[in-house]
Amino acid sequence: MAPEQANVLKLKIEQLICTNETKNIKYLERQREQLFRNVWQQRRYTNGTLLSAIIYVLVTPDMDPESALHSTNYSCHPVFRTRRCMKGENSESCCMIFVDEHGRVYANWEQYVFRNNLPKGLMIAPSQGVYTFTDEEEPGVQLMVHPTPQSAGKYRLLNAGDKVATLGGLVATVPVAAALAIPVAAPLVVAGTVVGVASAAYRTLRSVSHLCDRRRHEQSTSLADSEARSSWLGVAGGVVGLGASGATRVLGAAAGAGYKVNPAAQLAVKGINVGSVVISGTGVVNGVYDLYCKIGDDQALSSLEMLQLASHLVIFTHSINNLRIASKATNGSSLRKALRNQSRQVIRKVFHRISEESFKLHGETGKFDIVRTLNDIPFKEALLTLHDMNSNLIQGVTAAATILPQIVSIGNGGQMRLNLEMLAKTFGAKFVQQIGNLASFTDVLEAMGRYFTDRAVQLLMQMTRSFVEQNVDSIDRTLNTFVSTETVLYRILMHCVTTFDDFAVDFLQSRREDILKMVSKYFDSLKTLDKMKCRKYKCSACKGVYYITAV
């Protein structure tokens, strides 16, 4: 797709990620926007032009590889594949970028297989992420069957760890919270503190791991994103909370031993505890809000989200208890005024550190090519509303079946059918050989039949034939891709619609050379490599090279 065709990709994603009963509209819009942004960003490897294809990965809960291939119980997950590395003039056996339906970016197929977020089960996908035909008498697609990461022991262990830490954290909250109101046996408070500290430390590591995973797959790590915000609060709350617990323990031990504690040290300990209270309290509020939103959107709650909420609650109660202990160990009244002034500065600095880290992570951010087809044709619904773009188009002039009665027929359900043999006899074998997607071809043909006369349609088809026979082979070699007949026909149609007000056959015939010249200029603009504007890099994985340009 050319740089100005972002809306075409958005329409395709809208059709791909459809509304269903279990998803909220706002959630769908966020998912589509994230997917569009990360797919569109991959143009930086191809000089601003998007070369992509869509593959489909199936996941079945059946864990037997043989029966999985015949299972009828599965979920379907679309994945965008875009070109990155090249060896010489093509990208065969080179790394390609894969972007899943949630907008997660994977540097190559191996990373997608081992790091995806697919549900537990066996994934069935085209081998190496590319649709390749088998050599059998009845050709099929070469498939691979592999367990999803969620089925691996590592993920099961993490899920179990999340549940244990969540339960332990909630249990540890009880004696500490009770100690704020009534006397509680010291061993219970100590045990609750130990379990709470362990839960907070585990949650902090999980939050750091989650942020690193999001950064690795080019997902947002900004505080504006709810998932990233929860993890940032988890990191900040864990670090500050653990620091507050340690400082309070040292302060209490020093005071208990009879040492005179410096007022500045007292102020620092209380300031850290106040900061911990505010951050963990913010985490609790944020967690409850996210919980409310997910329930409202009918989304499943992850074990990590429950762990983060429970851990914030643990740190919140422990920080309040730490303040009580620190006040007993020191003269609380003499420091109360200073504490109020200092706490705001501590809290501000903590959130400033979070913002700085967020910005740091978020800002770093022969043979035909395997990505074969240039197909920027929008869906049929958009093609049948061309009169909205040009008021001089008259809707419903005729039907394609009337224009090409020996080639086009209307089948059951009103679907258009093509006689490819007659099409080849009329417009040449090369014309038919270059058709990449019959559905897209018939969509363009139907739009032309709706707005143009039979003679005009015949003329545009002949123009397409001339361009295909004279130019597409050289374009294929230059762009390392496959230019389809329907793409050429669509570009000719769109040039006429957006440029002319007269669609009579004599006028179009007089502009024939201009039309073909503009279509040729369009394909020239799609060159995926301009060494003057790109920086060259060596790929350590496939040993090929890739180029990056600003987009």
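Report on the accompanying structure. Small disclaimer: the values here were computed from a predicted structure and weren't measured.

On to helix H15 (residues 438-451). The first and last C-alpha atoms of H15 sit 20 Å apart over 14 residues, in line with the 20 Å expected at 1.5 Å per residue. Taken across its 14 residues, H15 has 10 buried, putting it largely inside the fold. With a side-chain oxygen lying 2.9 Å from the backbone nitrogen of alanine 439, the N-terminal cap of H15 falls on asparagine 437.

Spatial strand order, E4-E3-E2-E1-E5-E6: 6 strands in an open sheet with antiparallel pairing. Across the chains shown, the open sheet's two edge strands, defined by having one partner strand only, are strand E4 (105-106) and strand E6 (143-147). Pairing geometry for strand E1 (residues 52-60) and strand E5 (residues 122-126), over 3 bridges, is antiparallel. In the strand pairing of E5, valine 59 is matched with methionine 123. Contacts from helix H1 (residues 6-16) reach E1 and strand E2 (75-83) within the one sheet, and its direction differs from that of E2 by about 160°.

Both the distance between ring centres and the angle between the ring planes are used here to describe each pair of aromatic rings. Within this structure, the stated rule accounts for 12 aromatic pairs. Arranged with centres 5.1 Å apart and planes meeting at 55°, the rings of phenylalanine 98 and tryptophan 109 form a pair that is tilted. Separated by 11 residues along the polypeptide, phenylalanine 98 in strand E3 (residues 96-100) and tryptophan 109 in helix H4 (residues 109-115) bring together distant segments of the chain. The class of phenylalanine 98 is buried, set by a relative accessible area of 1%. Given the relative accessible area of 7%, tryptophan 109 is considered buried. Where phenylalanine 500 meets phenylalanine 507, the ring centres are 5.2 Å apart and the plane angle is 85°; that geometry is what we call edge-to-face.

This brings us to the nonpolar core. The biggest cluster of nonpolar side chains holds 53 residues, and the ones touching the most others in it are Leu423, Phe441, Phe452, Met461 and Phe523. Put simply, the parts of the chain that give this core at least two residues each are strand E9 (416-418), helix H13 (420-427), helix H14 (429-433), H15, helix H16 (454-479), helix H17 (485-499), helix H18 (505-510) and helix H19 (512-524). It is H16 that contributes the most residues to this core, 11 residues altogether. Here leucine 423 is in contact with Ile407, Gly428, Phe431, Val432, Ile435, Phe441 and Met461, once residues within four sequence places are set aside. Within the second largest apolar cluster, 23 residues are counted, among which are Trp40, Cys85, Cys95 and Val99.

It is worth spelling out a nonpolar patch on the surface at this point. Where nonpolar side chains cluster on the molecular surface, the patch consists of Tyr56, Leu69, Tyr131, Phe133, Val141, Leu143 and Val145 and spans about 650 Å² of accessible area. Assignment of secondary structure puts leucine 69 in the loop between helix H3 (65-68) and E2. Residue leucine 69 is classed as partly exposed on the basis of its relative accessible area of 42%.

Once that is clear, we can look at the environment of lysine 380. Relative to the elements of secondary structure, lysine 380 occurs in helix H11 (residues 380-383). Classification of lysine 380 by relative accessible area gives partly exposed; the value is 30%. When the C-alpha atoms of lysine 380 and alanine 447 are compared, they prove to be 8.1 Å apart, with 67 residues separating the residues in sequence. Residue contacts for lysine 380: discarding those within four places in its chain leaves Asp443 and Glu446.

Criteria and cut-off values
- Per chain, the residues get numbers from 1 upward, laid out in the order the sequence is written.
- Residue-level local features of this predicted model are given only where pLDDT is at least 70; pairs of side-chain atoms are given and counted only at 80 or more, and the full residue set underlies all totals for whole chains, interfaces and linings.
- No hydrogens and no water enter the side-chain calculation; it runs on all heavy atoms of the structure.
- Labels follow the DSSP assignment, with helices taken as runs of H or I lasting at least four residues and strands as runs of E lasting at least two, numbered in each case from the N terminus.
- The length a helix should cover is 1.5 Å for every residue beyond the first.
- The cut-offs for exposure are 20% and 50% of the maximum accessible area for each residue type, with area from a 1.4 Å probe on protein chains only; residues under the lower value are buried, those over the upper are exposed, and the others partly exposed.
- Polar contacts, as counted here, are pairs of nitrogen or oxygen atoms within 3.5 Å of one another; within protein the pair requires one atom able to donate a hydrogen and one able to accept it, and residues that are adjacent in sequence qualify only if both atoms are side-chain atoms.
- Strands are labelled as partners when DSSP assigns at least two bridges between them.
- Any two residues having at least one pair of non-hydrogen atoms within 4.5 Å are treated as being in contact.
- Under this scheme, a helix contributes an axis fitted over its contacting stretch, all axes are lines through C-alpha atoms, and angles between N-to-C directions fall in the 0 to 180 degree range.
- The criterion for an aromatic pair is that two Phe, Tyr or Trp rings (for Trp, the six-membered ring) have centres within 6.5 Å, with stacked assigned to planes under 30 degrees apart, edge-to-face to planes over 60 apart and tilted to the rest.
- The criterion is simple. A nonpolar core is a set of buried Ala, Val, Leu, Ile, Met, Phe, Trp, Tyr and Cys residues joined through side-chain atoms within 4.5 Å.
- A patch consists of residues exposed above 30% relative accessible area that lack any salt bridge, with like charges linked at up to 9 Å and nonpolar side chains (Val, Leu, Ile, Met, Phe, Trp, Tyr) linked at up to 5 Å.
- Computed with a 1.4 Å probe, the accessible areas rest on the Shrake-Rupley method; for each residue, only the protein chains presented here act as cover.
- By salt bridge we mean one thing: a side-chain nitrogen of Lys or Arg within 4 Å of a carboxyl oxygen of Asp or Glu.

Function-wise, these values are silent; they only describe arrangement.
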